Amino acid sequence: MITSITEVTRAKADAYVQQMCKHFAHKADVTHVKDAQVIRFGFGTGELRAVGGRIVLSAHAKDRPQLERIETVLGSHLERFAFRERLIVTWPQS
């Protein structure tokens, strides 16, 4: 299993995490585990945390192509939900 983590700073971090989880609950298994919302897709897992004014996104998958797919799904959805703020999600390159 490989992992990728990124953070974005937003005043409404908690609201964005809730909005994303509500959206994904129609398509995937979404559960609350400790301080994170965990989204299980058929190709990997995403975790979302609202920590103060930050959104912490974690992607977990068995290989690099699936990890990139999780990164794309999480990042693109957050960017769409925060379109008024012109948010751009970037992931570290490994």
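Up top is the structure.
So, here's what we can say about the structure. (Residues numbered from 1 in each chain as written. Predicted model: local features only at pLDDT ≥ 70, side-chain atom pairs only at ≥ 80, totals over all residues. Heavy atoms only, no water.)

1. Regarding the side chain of histidine 60
Residue position: histidine 60 is located in strand β5 (residues 54-61). A polar atom in the side chain of histidine 60 sits 3.2 Å from the side chain of glutamate 47. (Helix = DSSP H or I, 4+ residues; strand = E, 2+ residues; numbered from the N terminus. Polar contact = N/O pair within 3.5 Å; in protein donor to acceptor, adjacent residues only side chain to side chain.)

2. Regarding the packing of aromatic side chains
The full count for this structure, using the stated rule, is 2 aromatic pairs. An angle of 15° between the planes, with centres 5.3 Å apart, marks the rings of phenylalanine 41 and phenylalanine 43 as stacked. As far as burial versus exposure is concerned, phenylalanine 41 and phenylalanine 43 are alike and both buried. Each member of the aromatic cluster is reached from another via a ring pair, and the members are Phe24, Phe41 and Phe43. We note arginine 69 situated over the ring of phenylalanine 43; from NZ or CZ to the ring centre the distance is 3.7 Å. (Phe/Tyr/Trp six-rings, centres within 6.5 Å; stacked < 30°, edge-to-face > 60°. Buried < 20%, exposed > 50% of the residue type's maximum accessible area, 1.4 Å probe, protein only. Lys NZ or Arg CZ within 6 Å of the ring centre and 35° of its normal.)

3. What about the pattern of salt bridges?
Tallying each qualifying case throughout the model produces 6 salt bridges. When the shortest N-O distance is used, the salt bridge between arginine 49 and aspartate 35 registers 3.0 Å. In this pair, arginine 49 is assigned in strand β4 (residues 44-51) and aspartate 35 in the loop between β2 (29-33) and β3 (36-41), connecting sequence segments 14 residues apart. The salt bridge involving glutamate 47 is made with arginine 49; its shortest N-O contact spans 3.1 Å. Taking the relative accessible area as the measure of exposure, glutamate 47 reaches 18% and is therefore buried. (Salt bridge = Lys/Arg side-chain N within 4 Å of Asp/Glu carboxyl O.)

4. Points about the nonpolar core
Residues Phe41, Ile55, Leu74 and Leu78 are the most contacted members of the largest nonpolar core, which totals 25 residues. Contributions of two or more residues to this core are made by α1 (13-24), β3, β5 and α2 (64-81). Top contributing element to this core by residue count: α1, with 6 residues. Not counting residues up to four positions away in its chain, the partners in contact with phenylalanine 41 are Phe24, Ala28, Ile70 and Val73. (Core = buried A, V, L, I, M, F, W, Y, C linked by side-chain atoms within 4.5 Å. Contact = heavy atoms within 4.5 Å.)

5. Points about α1
Its 12 residues place the ends of α1 17 Å apart at the C-alpha level, agreeing with the 16 Å of an ideal helix rising 1.5 Å per residue. Looking only at α1, the buried set comprises Ala13, Tyr16, Val17, Met20, Cys21 and Phe24. Down the axis, α1 shows its buried residues gathered within 130° of arc, on one side only. Looking at the packing, one finds that the buried side of α1 touches β2, β3, β4, β5 and α2. (Expected span 1.5 Å × (residues − 1). Arc of directions from axis to C-beta.)

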